[in-house]
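Spelled out from the first residue to the last, the chains are:
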Amino acid sequence: MTQTSLSPRAWAELVLLSLIWGGSFLAIRTALDEIGPLTSVLFRTVIAAAVLWPVILLRGIPLPKGRRVWVGLFGMGLLNNAIPFSLMAWGQLHIPTGLTSILNATTAIFGVVVAAMVFADERLTRRKALGVGLGFAGVVTAIGPAALLTLDLTSTAQLAVIAGTFSYACAGAWARIRLSGLAPLAAAAGMLTCSAAIMLPLTLMTEGVPSLALAPATWGAILYYALIATALAYLLYYRVLAMAGSGNLLLVTLLIPPTAILLGALVRGEELHTGAYAGLALLALGLSVLDGRLYARMVRV
């Protein structure tokens, strides 16, 4: 992972990104009070893509061209948007937003595992194995070992969210194989366009034609997670990546859950069991080990 120093500006934008994404969990759950999970994803991808394309044109960023590139973008739309967005939205119908955000942090854990399986230069070192082990221990603790032995709506919803994070991890490997060299914002817009094309027929077949006659609170939630937490977040994400490096971006997965947990408690009165917080602590430790800097200090000591 590329490491660079975190300047005050980089820290500020990293925290801002975590607040934006932390708020997205509450926004999605609010929208789900009136619309279905697939409809929520359709709105998200269509609106975000519609916003990003003008930005790309104004900046003069080269557009994606060629069958191979668009096949790659279609795969990204499926793995990075359609599958995880849908699974997590459905999961949020049955589990608290804060718990969803905690389980979402396993994306980095699965990312290491998938990369080790696919790429020769991403082998699972002792440090990475330790981080992955701690991360999975955190997942089991957050879900609750007993829940893994039962198949009710709550446990199934938690597994759906985890499956969504695994899809994110597969998307990371897919992007490295199929989309290297493509401008990040062009890749994001193309991916969202493809995911919208995937979600449209699925939504029409399962949830019907989306209604536009929605409550103001629902539209506010949709516009937040589509415009702010998707379109704007992509712009901010790549700014932070350029300033702070990919390794430091791991920190955002640790900063998101506190925001989501707090908003879920204040707005929806949600409460998490003690195991969820213990699981978050183990996940944080695992991600810190994967980051490498904490592990290096421990080894030196």
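Residues numbered from 1 in each chain as written. Predicted model: local features only at pLDDT ≥ 70, side-chain atom pairs only at ≥ 80, totals over all residues. Heavy atoms only, no water.

Peer 1: Looking at this structure, I do not really get the overall build of the protein. What am I missing?
Peer 2: For the protein, the helix and strand inventory stands at 13 helices and zero strands. Traced from its N-terminal end to its C-terminal end, the protein shows the element sequence α-α-α-α-α-α-α-α-α-α-α-α-α. Counting only residues that meet the buried cut, the protein has 49% of its 301 residues in that class. A separation threshold of at least 6 residues defines the contact pool for the protein, and within that pool the share at least 24 residues apart is 88%. In the form shown here, the protein has an accessible surface area of approximately 13600 Å², with 70% of it arising from carbon and sulfur atoms. (Helix = DSSP H or I, 4+ residues; strand = E, 2+ residues; numbered from the N terminus. Buried < 20%, exposed > 50% of the residue type's maximum accessible area, 1.4 Å probe, protein only. Contact = heavy atoms within 4.5 Å. Areas by Shrake-Rupley, 256 points an atom, 1.4 Å probe, with all protein chains shown as cover.)

Peer 1: In this structure, what is going on with the packing of aromatic side chains? I would like to understand it.
Peer 2: Each aromatic ring pair is characterised by the separation of its centres together with the angle its planes make. According to the stated counting rule, one finds five aromatic pairs in the structure shown. Seen from their ring centres, Trp21 and Tyr237 are 6.1 Å apart, and the 50° between their planes marks the pair as tilted. One end of the pair, Trp21, is in helix H1 (residues 8-31); the other, Tyr237, is in helix H9 (residues 216-244), with 216 residues separating them in the sequence. With relative accessibility at 28%, the residue Tyr237 sits in the partly exposed group. (Phe/Tyr/Trp six-rings, centres within 6.5 Å; stacked < 30°, edge-to-face > 60°.)

Peer 1: What am I meant to see in the confidence of the model for the protein here?
Peer 2: Interpretation of the predicted coordinates at a detailed level should be avoided for regions scoring low in pLDDT. Per-residue pLDDT for the protein averages 87, and the proportion of residues at 70 or more is 90%. Least confident of the elements in the protein is helix H13 (residues 293-300), whose mean pLDDT is 57; most confident is helix H2 (residues 37-59), at 97. (pLDDT = per-residue confidence, 0-100.)

Peer 1: Sorry, what's going on with a nonpolar patch on the surface here?
Peer 2: A surface patch of nonpolar side chains, about 250 Å² in accessible area, is lined by Trp11, Val15 and Leu19. One can find Leu19 in helix H1. A residue is classified by how much of its surface remains accessible, and Leu19, at 43% relative accessible area, is partly exposed. (Patch = residues over 30% accessible without salt bridge, like charges linked within 9 Å, V, L, I, M, F, W, Y side chains within 5 Å. Salt bridge = Lys/Arg side-chain N within 4 Å of Asp/Glu carboxyl O.)

Peer 1: Got a minute to help me understand the environment of Leu236 in this structure?
Peer 2: Within the element layout of this structure, Leu236 appears in helix H9. Considering only alpha carbons, one finds Leu236 and Glu13, 223 residues apart in sequence, at a separation of 7.3 Å.

Peer 1: Whenever I open this one, the pattern of salt bridges confuses me. Can you help?
Peer 2: Oppositely charged side chains are able to pair whenever their charged atoms sit close together. One pass over the full model with this rule turns up five salt bridges. Here Arg9 ties to Glu13 by a salt bridge, and the two come within 3.4 Å at their closest N and O atoms. Taken as a pair, Arg9 and Glu13 lie in helix H1 at a separation of four residues, close to a single helical turn. Linked by salt bridges that have partners in common, Arg29, Asp33, Arg268 and Glu270 make up one network.

Peer 1: Would you explain the environment of Ala281 in this entry?
Peer 2: Within the secondary structure, Ala281 sits in helix H12 (residues 274-291). Take Ala281: its relative accessible area is 47%, and that puts it in the partly exposed class.

Peer 1: Quick question: what am I supposed to make of the nonpolar core here?
Peer 2: The nonpolar side chains of a soluble globular protein tend to be buried, and buried together. By size, the foremost hydrophobic cluster in this structure holds 37 residues, and its most contacted members are Leu99, Ile102 and Leu103. Elements with a contribution of two residues or more to this core: H2, helix H3 (67-92), helix H4 (97-104), helix H5 (107-118), helix H6 (126-143), helix H7 (153-178), helix H8 (184-206) and H12. If you look at the next biggest cluster of nonpolar residues, it comprises 24 residues, including Phe25, Tyr225, Val240 and Ala260. (Core = buried A, V, L, I, M, F, W, Y, C linked by side-chain atoms within 4.5 Å.)

Peer 1: Just checking my understanding: could you explain the side chain of Arg44 for this structure?
Peer 2: Mapped onto the elements, Arg44 comes out in helix H2. Buried charge Arg44 goes without a salt bridge, the closest partner of opposite sign being Glu207 at 14 Å. There is a polar contact of 2.8 Å between the side chain of Arg44 and the side chain of Thr230. With sequence-adjacent residues up to four places away left out, Arg44 is seen in contact with Ile28, Phe85, Tyr225, Ala226, Ala229 and Thr230. (Lys, Arg positive; Asp, Glu negative; His and termini not counted. Polar contact = N/O pair within 3.5 Å; in protein donor to acceptor, adjacent residues only side chain to side chain.)

Peer 1: Looking at this structure, how should I read H6?
Peer 2: The terminal C-alpha atoms of H6, which comprises 18 residues, lie 26 Å apart, in line with the 26 Å expected from a rise of 1.5 Å per residue. Within H6, burial applies to Lys128, Gly131, Val132, Leu134, Gly135, Gly138, Val139, Ala142 and Ile143. The buried side chains of H6 occupy one side of the element, clustering within an arc of 165° when seen end-on. In the segment just after H6, Gly144 is the residue with positive phi, at about 100°. (Expected span 1.5 Å × (residues − 1). Arc of directions from axis to C-beta.)

Peer 1: Explain the packing of H1 against H4 to me, please; I cannot follow it from the model alone.
Peer 2: Describing two packed helices takes the angle between their axes plus the distance from one axis to the other. Taken N-terminus to C-terminus, the directions of H1 and H4 make an angle of 130°; their axes are 9 Å apart at the nearest point. Judged by the angle between their axes, H1 and H4 are oblique. Seen from above, H1 lies across H4 with right-handed handedness. In contact with Phe25, Leu26 and Arg29 of H1, H4 contributes Thr97, Thr100, Ser101 and Asn104. Split by residue class, the contact of H1 with H4 holds two nonpolar, four polar and one charged. (Axes fitted to C-alpha atoms, helices over the stretch in contact; angles between N-to-C directions. Parallel < 35°, antiparallel > 145°, perpendicular 65-115°, else oblique. Left-handed = near helix turned anticlockwise from the far one by under 90°. Nonpolar A, V, L, I, M, F, W, Y, C, P; charged D, E, K, R; others polar.)

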